[in-house]
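Here are the chains, one letter per residue:
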Amino acid sequence: MKALGAALVLAAAGGVWLRTLAGQRRELDTLRRLAALLARMGAEIQGRRTPLPRLMEELAREEPRLGPGLRQVLSGLRAGEALPGLLGRCADTWSLSPWCRTALWELGCALGGDAGESAEALAFARQRVLEELEEKRRSQRERERGSAALCFSGAALVVILLL
């Protein structure tokens, strides 16, 4: 019976560790997608001069992970809300760091001018997101080791107490 309990504790620790890894990978994926989205927005605004609401509608349809946040921005724009606050809420929906939230808020303040200024603001926000992504990639290995050590050390302690 004790061996079964020990096996269950180890399995639970493994499950917690795998969930932590999945969350970290989802965070990196969101940052990659956001950087690509910002690059595309810049190209569309500068090259084709696509209006922001229409561009956001297109991107919301095409981007499964970021689409719900973009739809919230569109709804807010239609209701007359300010873009910086909408992008800040969008950053919360995507669980972005304070660094990226600030970048999106500043982007919201800068969008709406001429196409050149908007493209520069999008490039600046994209650069910040890419810096955040690179930092997360660098620390990913360390975070994975730390979470594995924490989960399995705790499990080992409980197993020792059970046996």
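This text follows the structure it describes.
Small disclaimer: the values here were computed from a predicted structure and weren't measured.

Colleague: Got a sec to walk through the overall build of the protein chain? Specific residues and values, please.
Modeller: Regarding its fold elements, the protein chain presents 6 helices and 0 strands. For the protein chain, the sequential pattern of α-helices and β-strands runs α-α-α-α-α-α. Considering only intrachain contacts with a sequence separation of at least 6, the fraction spanning at least 24 residues in the protein chain is 62%. As displayed, the protein chain offers around 9200 Å² of accessible surface, 59% of which is attributable to carbon and sulfur atoms.

Colleague: Can you explain the pattern of salt bridges? Please cite residues and give values.
Modeller: Across all of its chains, the model carries 13 salt bridges by this definition. The residue R78 makes a salt bridge to E57 at a minimum N-O spacing of 2.5 Å. Residue R78 is located in helix α3 (residues 67-78), and its partner E57 is located in helix α2 (residues 52-62); the two are separated by 21 residues in the primary sequence. Of the residues examined, E57 reaches a relative accessible area of 29% and is grouped as partly exposed. Ionic pairing is found between R101 and D92, a salt bridge with its closest N-O pair at 2.6 Å. Its relative accessible area of 28% is what places R101 among the partly exposed residues.

Colleague: Pulling in residues and values, what's your account of the packing of aromatic side chains?
Modeller: Throughout the structure, instances matching the rule amount to 0 aromatic pairs. A cation over a ring is seen here: R128 above W99, with NZ or CZ 4.5 Å from the ring centre.

Colleague: Could you give me a rundown of the environment of E134, with the residues and numbers involved?
Modeller: As for its placement among the helices and strands, E134 is situated in helix α6 (residues 115-162). On a C-alpha basis, the gap between E134 and L31 in space is 9.7 Å, while along the polypeptide they are 103 residues apart.

Colleague: Outline the packing of helix α4 (residues 83-93) against helix α5 (residues 98-110), listing residues and values.
Modeller: Interaxial distance between α4 and α5 falls to 7 Å at its minimum, and their mutual angle equals 155 degrees. Between α4 and α5, the angle falls in the class roughly antiparallel. Our pair here, α4 against α5, has a crossing hand that is right-handed. The segment α4 lies against α5, with L83, P84, G85, L87, A91 and D92 engaging R101, L104, W105, L107, G108 and C109. Of the residues in the contact of α4 with α5, the class split is 8 nonpolar, 2 polar and 2 charged.

Colleague: Describe the side chain of E63, and please don't skip the residues or the numbers.
Modeller: Mapping E63 onto the fold places it in the loop between α2 and α3. Residue classification places E63 among the buried residues on the basis of a relative accessible area of 14%. In terms of polar contacts, E63 uses its side chain to reach the backbone amide nitrogen of R65, at 3.3 Å.

Colleague: Residues and numbers for α5, please.
Modeller: Structural remark: α-helix, 3.6 residues per turn; residues separated by three or four positions point the same way. Taking 1.5 Å per residue, 13 residues should reach 18 Å; α5 reaches 18 Å between its end C-alpha atoms and fits that length. Among the residues of α5, C100, A103, L104, L107 and G108 are the ones counted as buried. What you see down the axis of α5 is that its buried residues fit within an arc of 140 degrees, all on one side. Immediately downstream of α5, the backbone of G112 shows phi near 110 degrees, a positive value.

Colleague: I'd like to hear about the environment of R26, residue by residue, with values.
Modeller: Inspection of the secondary structure assignment puts R26 in helix α1 (residues 2-48). Spatially, the C-alpha atoms of R26 and W94 are 10.0 Å apart, while their sequence positions differ by 68 residues.

The rules we used
- Residues numbered from 1 in each chain as written.
- Predicted model: local features only at pLDDT ≥ 70, side-chain atom pairs only at ≥ 80, totals over all residues.
- Heavy atoms only, no water.
- Helix = DSSP H or I, 4+ residues; strand = E, 2+ residues; numbered from the N terminus.
- Contact = heavy atoms within 4.5 Å.
- Areas by Shrake-Rupley, 256 points an atom, 1.4 Å probe, with all protein chains shown as cover.
- Salt bridge = Lys/Arg side-chain N within 4 Å of Asp/Glu carboxyl O.
- Buried < 20%, exposed > 50% of the residue type's maximum accessible area, 1.4 Å probe, protein only.
- Phe/Tyr/Trp six-rings, centres within 6.5 Å; stacked < 30°, edge-to-face > 60°.
- Lys NZ or Arg CZ within 6 Å of the ring centre and 35° of its normal.
- Axes fitted to C-alpha atoms, helices over the stretch in contact; angles between N-to-C directions.
- Parallel < 35°, antiparallel > 145°, perpendicular 65-115°, else oblique.
- Left-handed = near helix turned anticlockwise from the far one by under 90°.
- Nonpolar A, V, L, I, M, F, W, Y, C, P; charged D, E, K, R; others polar.
- Polar contact = N/O pair within 3.5 Å; in protein donor to acceptor, adjacent residues only side chain to side chain.
- Expected span 1.5 Å × (residues − 1).
- Arc of directions from axis to C-beta.

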